[in-house]
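Structure assessment
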2 protein chains.
Amino acid sequence: MEKLSRRDFNATLAKGVGGVTLLATTPLACAMGNAQNKKKLGVALVGLGSYSTYQLAPALSDTKHCYLAGIVTGTPEKENAWAEKYGIPKENIYNYQNFDNIAKNDAINIVYVVLPNSMHADFCIRAAKAGKHVICEKPMAMNVEECDAIINACKKAKVKLGMGYRLHSEPYTQEIKRFVKEKTFGAVNYISADAAYRSTSNPNQWRLNKKLSGGGALMNMGVYAIQSVIYGTGENPISVSAQEFSTRPDYFKDTDETITAQFEFLSGATGSIMTSHNISANRLFASCERGWFELDPASTYIPLAGRTSSGTLDFPQESQQKLQMDDFAKHILFDSPNLAPGEMGKRDMMIVEAIYESIAKGGEKIKLNFETDYGFGG
Amino acid sequence: MEKLSRRDFNATLAKGVGGVTLLATTPLACAMGNAQNKKKLGVALVGLGSYSTYQLAPALSDTKHCYLAGIVTGTPEKENAWAEKYGIPKENIYNYQNFDNIAKNDAINIVYVVLPNSMHADFCIRAAKAGKHVICEKPMAMNVEECDAIINACKKAKVKLGMGYRLHSEPYTQEIKRFVKEKTFGAVNYISADAAYRSTSNPNQWRLNKKLSGGGALMNMGVYAIQSVIYGTGENPISVSAQEFSTRPDYFKDTDETITAQFEFLSGATGSIMTSHNISANRLFASCERGWFELDPASTYIPLAGRTSSGTLDFPQESQQKLQMDDFAKHILFDSPNLAPGEMGKRDMMIVEAIYESIAKGGEKIKLNFETDYGFGG
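All chains use their own residue numbering, which begins from 1 and follows the written sequence. Here chains are named by letter from A upward and ligands by number from 1 upward, in the order in which they appear as written. For a predicted model such as this one, the threshold for reporting local features is a pLDDT of at least 70, and the threshold for listing and counting side-chain atom pairs is 80 or more; totals across whole chains, interfaces and linings nevertheless cover every residue. Each side-chain value is worked out from all heavy atoms of the structure, with water and hydrogens disregarded.

By the convention used here, residues are in contact when the closest approach between their heavy atoms is within 4.5 Å. Of the residues lining the interface, 30 residues belong to chain B; the matching set on chain A comes to 30 residues. A carboxyl oxygen of Asp or Glu within 4 Å of a side-chain nitrogen of Lys or Arg is what we treat as a salt bridge. Along the contact surface separating chain B from chain A lie 0 salt bridges. For the purposes of these results, a polar contact is taken to be a pair of N or O atoms within 3.5 Å, where, inside protein, one atom must be able to donate a hydrogen and its partner to accept one; residues adjacent in sequence count only when each atom of the pair is a side-chain atom. Here chain B is connected to chain A by 2 residue pairs in polar contact (both at pLDDT 80 or more). Those elements that provide at least two residues to the side of chain B that touches chain A are β7 (188-198), β8 (237-245), β9 (258-265), β10 (270-276) and β11 (278-288) of chain B. We count a stretch as a helix when DSSP gives it H or I for four or more residues in a row; a strand needs E for two or more, and each element gets its number in order from the N terminus. Top contributing element to the side of chain B that touches chain A by residue count: β11(B), with 7 residues. Grouping the amino acids of the side of chain B that touches chain A by side-chain chemistry returns 7 nonpolar, 15 polar and 8 charged. Gly is placed with the polar residues, together with every amino acid not listed as nonpolar (Ala, Val, Leu, Ile, Met, Phe, Trp, Tyr, Cys and Pro) or charged (Asp, Glu, Lys and Arg).

In structure tokens:
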């Protein structure tokens with residue numbers, strides 16, 4: 001596993017998911033003393049790119065059970081600005097070299113790894129070795145082997161491991177999971193998910209660099225589509241076939257541009273996904289025995305929206321990241337369910353690898369066999 | 001080519017497209033004398049199943065340039081009821097045996113073949129030989145060879161040949177074609193089409209009998225999905241890969257249940273379709289450079305509906321079949337464009353065959369090479 005300097009990808013984090021850079025409202029002054037946070041778990045964000053800056057840090061100002069206690073950055077210039085804005089004491093600020101000293105810092109309970117994919121395994125494992133609970137951004141790592149290494153490190157260190165799968169804490173997604181569990185519209189016959197955005201800016205961004213990302217659209221938005229077909233059916237797939245499409249090879253030199261994949265489920269449901277860095281689309285649709293349900297958008301940060309054959313869905317819109325981090329903190333504090341355990345991230349990586357395998361074999365159907373349900377039912 | 005008695009499939013036409021049996025409002029008394037119709041072209045419907053009964057015949061009561069002049073049926077009991085309801089003179093009523101006598105009947109200008117797929121080629125060719133213009137229901141025939149035979153027969157007889165592709169005359173579809181032609185939302189990057197309904201009734205219906213239908217979902221709803229991705233991009237595809245899914249083999253003993261397929265287009269657009277007799281879904285969606293457009297439903301008889309990134313589409317709802325038949329009559333009378341020529345039906349059958357070939361080859365990508373655009377731009 002190669003270690004990469006933060007500088008290698010710093011310039012490339014300017015775009016959020018869905019290609020939409022959404023600036024959250026500036027957080028209220030959050031420079032509250034640590035005293036106020038004694039009952040809350042301290043979170044350290046590793047990697048201060050746009051996702052940390054515009055989503056996670058503001059969300060942590062609103063969480064009930066955790067707060068932004070520390071930062072880990074490869075960019076010294078960021079240290080002061082973050083320290084001031086979020087009232088982070090000097091001793092809670094780390095860089096990639098001295099990160100392991102975090103083991104001695106009791107103010108940090110959770111390390112949230114928000115780095116390029118190639119750095120996930122390294123920092124998740126180092127965090128676990130430091131005795132910290134770990135949240136790992138998606139995709140979990142570069143491959144299944146690395147996922148295993150992360151899971152094993154966390155088990156060995158007896159720390160909790162959660163994926164940064166914010167949607168499991170999000171009310172529209174939870175409603176979909178309820179429909180599936182309660183068979184509100186009968187059994188699901190068809191599940192379709194598009195998770196894609198059109199990338200036209202900086203071709204040097206780390207997501208388009210295979211050494212840093214491990215893959216293109218599939219490793220990025222594709223994980224949402226895979227997640228959608230699984231929580232949209234309440235089942236792990238039993239097979240997958242896949243196709244790759246390349247139409248802008250000059251821009252997508254190194255990573256997959258557009259991938260489609262088809263899934264079989266034991267229940268008889270059929271699944272179909274499209275993920276792309278060249279197409280704008282974001283939707284989950286399920287056709288059931290007695291109706292249908294749809295989220296559109298289904299996985300953006302902006303308010304999700306949904307319809308069913310019975311009417312429109314309408315849920316309060318809260319920060320997905322706030323809900324997600326509170327759910328993980330509650331898992332640690334109160335032993336509530338881990339909504340997105342590491343094993344779920346590994347399962348999704350197994351599907352990612354099967355999709356790449358199918359593509360390499362000209363679209364051949366690849367069988368999948370998962371031992372557990374990895375909590376997909378939520 | 002096997003000739004089949006109407007009785008073989010009579011009982012099986014009870015379900016309309018989309019699995020929805022839509023009873024049109026009872027047509028007003030239409031027993032106007034032929035004198036009134038002198039400037040209109042006379043249409044003979046061949047096959048009086050539910051599509052003729054509930055869609056075409058009522059629509060022909062409203063058309064400006066053609067009217068229901070005759071019927072061809074294998075069920076003698078239907079003759080009187082139709083004759084009375086639509087004022088059809090005895091001499092304009094035929095059965096499958098004496099059908100060729102229609103050559104001597106000047107009241108019949110157009111023969112509309114609304115029979116099971118296996119009978120299309122036979123009756124289209126006989127109609128052409130009788131010197132009548134021909135409308136052929138979709139899919140055009142059992143295979144490309146039969147399509148060629150129909151096209152050649154019509155050319156030889158110097159009669160016009162149109163497919164029963166009603167959507168080309170329908171305003172929502174025409175708006176989609178305008179978006180594509182004028183690049184209203186920029187180039188299309190992705191086109192997706194679902195055309196599917198869930199069949200649970202009579203397993204003996206002709207659509208599920210390969211000898212009569214030539215294939216299952218793909219030969220039925222699949223043609224709509226193929227059409228959608230073509231008029232949704234304004235291009236013929238250059239390749240296709242496909243997958244078949246079977247989950248109710250006891251019901252779908254003989255024909256394909258669910259098929260997914262992926263298309264490449266020269267422009268760089270990627271296409272994805274799903275068609276099924278086991279799933280309810282009916283949608284066209286295109287993601288473009290500067291927005292998107294969607295029809296949902298996209299190919300049912302019931303009012304279509306559409307949205308774009310700029311707002312909702314809203315067109316007057318008229319009988320699609322009325323518009324279609326008037327367009328074909330205008331093609332004959334005024335040499336206006338043939339919106340759905342036989343070559344278009346043949347092209348779609350070539351794609352159908354390529355999809356079955358890809359499935360037979362385990363999802364292998366099949367290259368497509370069409371010489372002309374077959375008027376897909378409308």
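Moving on, there is more to tell.
Once that is clear, we can look at the relation of the copies chain B and chain A. Mapping chain B onto chain A is achieved by rotating through 180° and translating by 0.0 Å along the same axis, at an RMSD of 0.0 Å. Here the transformation between the copies is reduced to the relation of a two-fold axis. Within chain B, the C-alpha atom positioned nearest to the axis of rotation is that of B:Gly363, 2.7 Å from it. A symmetric contact is evident, with 100% of the interface residues of chain B recurring at the interface of chain A. Only residues with pLDDT of at least 70 in both copies contribute their C-alpha atoms to the least-squares superposition of the copies.

Right, let's get into the packing of helix α3 (residues 120-129) of chain A against helix α4 (residues 144-157) of chain A. All names here are of chain A. Simply put, an axis is a line fit to the C-alpha atoms, just over the touching stretch for a helix, and the angle between two N-to-C directions goes from 0 to 180 degrees. Axis separation between α3 and α4 bottoms out at 8 Å; the angle between their running directions is 5°. With respect to each other, α3 and α4 are oriented roughly parallel. Mapping the contact onto sequence places His120, Ala121, Cys124, Ile125 and Ala128 in α3 and Glu146, Ala149, Ile150, Ala153, Cys154 and Ala157 in α4. Oblique is the label for any angle not covered by the other classes, which are roughly parallel (under 35 degrees), roughly antiparallel (over 145) and roughly perpendicular (65 to 115).

Residues and elements named next belong to chain A. Strand pairing follows a simple DSSP-based rule, namely that at least 2 bridges must link the two strands. Taken in spatial order, the 9 strands of this open sheet run β14-β13-β12-β11-β7-β10-β9-β8-β15, and their pairing is mixed. Each end of this open sheet is capped by a strand with a single partner; those strands are β14 (311-313) and β15 (366-367). Its contacts with the sheet place helix α5 (residues 171-182) against β11 (278-288), β12 (291-295), β13 (306-308) and β14, and it is angled at close to 160° to β12. On top of the sheet, helix α9 (residues 342-360) reaches β8 (237-245), β9 (258-265), β10 (270-276) and β15; it is set at about 55° to β8, its chief contact.

Worth remembering: the numbers are spatial, not functional.
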